[in-house]
Amino acid sequence: MPKYVIERDIPGAGKLSPDQLQGISQKSCSVLQNLGPQIQWVTSYVTDDKIYCVYIAPNAQMVREHAKQGGFPANKVSEVRSVIDPTTAE
């Protein structure tokens, strides 16, 4: 199944409190439950003004539907074509 990186523009994201991040996570999980097992949240990275999320889903439209139902921005949805790491150099 394809993997996607979602770029979410959220000014001040890096200043969100642990409680706020928990609330966002709970909302995301609730929407995922409603969408069914085809879409899975893998991880998210919070930076100063953006959150980058990694999802597994059958298509980008389902990722956008998750964002719509959750009230989250999905400013850019990119399909992962390859994954590299230090072992790729060997």
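In what follows, the accompanying structure is described. Note that the structure is predicted; figures quoted are calculated from it, not measured.

### Digging into the environment of I56
By secondary structure assignment, the location of I56 is in strand β3 (residues 50-56). Overall, the relative accessible area of 21% leaves I56 in the partly exposed class. The spatial distance from the C-alpha of I56 to the C-alpha of T43 is 10 Å, given a sequence separation of 13 residues. Ignoring sequence-local partners within four residues, the contact set of I56 consists of M1, P2, K3, Q38, I39, Q40 and V42.

### Here we look at helix α2 (residues 60-70)
By the burial criterion, the buried members of α2 are A60, M62, V63, H66, A67 and G70. One side of α2 holds all its buried residues, which, seen down the axis, span an arc of 165°. Measuring from the side-chain oxygen of the N-cap residue of α2 to the backbone nitrogen of Q61 gives 3.2 Å; that N-cap residue is N59.

### What to know about the environment of W41
Along the chain, W41 falls in strand β2 (residues 40-46). Placed 28 residues apart in sequence, W41 and Q69 show a C-alpha to C-alpha distance of 15 Å. Among all residues touching W41, those that are not within four sequence positions of it are S25, S28, C29, L32, V54 and Y55. Within the structure, the side chain of W41 is placed 3.4 Å from the backbone oxygen of T43, a separation counted as a polar contact.

### Regarding the packing of aromatic side chains
Remark: the centre distance and the inter-plane angle together describe each pair of aromatic rings, the angle taken between the planes. All told, the structure shown has one aromatic pair when counted by the stated rule. Relative to Y55, the ring of W41 lies with its centre 6.5 Å away and its plane at 15°, an arrangement referred to as stacked. Taken as a pair, W41 in strand β2 and Y55 in strand β3 lie far apart in primary sequence, 14 residues in all. On the basis of relative accessibility, which here comes to 24%, the residue W41 falls in the partly exposed class.

Scoring rules and cut-offs
- Residues numbered from 1 in each chain as written.
- Predicted model: local features only at pLDDT ≥ 70, side-chain atom pairs only at ≥ 80, totals over all residues.
- Heavy atoms only, no water.
- Helix = DSSP H or I, 4+ residues; strand = E, 2+ residues; numbered from the N terminus.
- Buried < 20%, exposed > 50% of the residue type's maximum accessible area, 1.4 Å probe, protein only.
- Contact = heavy atoms within 4.5 Å.
- Arc of directions from axis to C-beta.
- Polar contact = N/O pair within 3.5 Å; in protein donor to acceptor, adjacent residues only side chain to side chain.
- Phe/Tyr/Trp six-rings, centres within 6.5 Å; stacked < 30°, edge-to-face > 60°.

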